[in-house]
Amino acid sequence: MNRAVAYAALSGELEACRRLPRPMLVELIGSTPASKVIVVDGEELLLEVQAAWASPKRMSVRVTAIAYGPSHLQTERLEEHLTIPMSDAGDIDR
């Protein structure tokens, strides 16, 4: 797996989550990880995105993006995280 390409894909997924409206971001929490397969430079990468509350007070969401791709003798796994503050936390059903 080309690490630079995989990290660019992970960064794009995390940035897409950052732009989600708050209600849609909250819907990701605790749900089955969203996954998709992309092909870059002839290699298939499986991307998964999942979310969880970053703090007990629900003031921020931690989004995790994981890329799985081919390596020499095994599947390689890369993971990146992003914490998104919930500026309008009062609108969230607790």
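See above for the structure.
Residues numbered from 1 in each chain as written. Predicted model: local features only at pLDDT ≥ 70, side-chain atom pairs only at ≥ 80, totals over all residues. Heavy atoms only, no water.

Chemist: How should the sheet that holds strand β2 (residues 43–53) be read in this particular structure?
Modeler: Note: strands within a sheet are paired through backbone hydrogen bonds, in either parallel or antiparallel orientation. As summarised here, the arrangement of the four strands in space is β1-β2-β3-β4, forming an open sheet in which the pairing is antiparallel. Strand pairing shows two members of the sheet lacking a second neighbour, β1 (34–40) and β4 (75–85), which therefore form its edges. Recorded for the sheet is a direction-independent mean angle of 20° between the axes of neighbouring strands. By the bridge criterion, seven bridges tie β1 to β2 in an arrangement that is antiparallel. Across the sheet, Ala34 pairs through a bridge with Val49, a residue of β2. Lying over the sheet, helix α1 (residues 3–18) contacts β1, β2, β3 (60–70) and β4, oriented at roughly 30° with respect to β4. (Pairing = 2+ DSSP bridges. Helix = DSSP H or I, 4+ residues; strand = E, 2+ residues; numbered from the N terminus. Axes fitted to C-alpha atoms, helices over the stretch in contact; angles between N-to-C directions. Contact = heavy atoms within 4.5 Å.)

Chemist: Explain the pattern of salt bridges here, please?
Modeler: A side chain of one charge can pair with a side chain of the opposite charge if their charged atoms are brought near each other. Tallied over the full model, the rule gives five salt bridges. Salt-bridge contacts for Glu15 lead to Arg18; the nearest nitrogen and oxygen are separated by 3.2 Å. Here the residue Glu15 and the residue Arg18 both occupy positions in helix α1, the gap between them amounting to three residues, near one helical turn. By relative accessible area, which is 31% here, Glu15 ends up partly exposed. With relative accessibility at 39%, the residue Arg18 sits in the partly exposed group. Between Arg19 and Glu15 there is a salt bridge, with its nearest N and O atoms 4.0 Å apart. The class for Arg19 is exposed, based on a relative accessible area of 59%. Residues joined by salt bridges that share partners form a network here, namely Glu15, Arg18 and Arg19. (Salt bridge = Lys/Arg side-chain N within 4 Å of Asp/Glu carboxyl O. Buried < 20%, exposed > 50% of the residue type's maximum accessible area, 1.4 Å probe, protein only.)

Chemist: Is there a simple way to think about the pairing of β2 in this case?
Modeler: In summary, the side chains of a regular strand alternate between the two faces of the sheet. With antiparallel pairing between neighbouring strands as the criterion, β1 and β2 make up a hairpin whose turn holds two residues, including Asp41 at a positive phi of roughly 55°. Relative to β3, β2 runs antiparallel, the two being bridged by eight bridges. Following the sheet pairing, Leu46 is matched in β3 by Tyr68.

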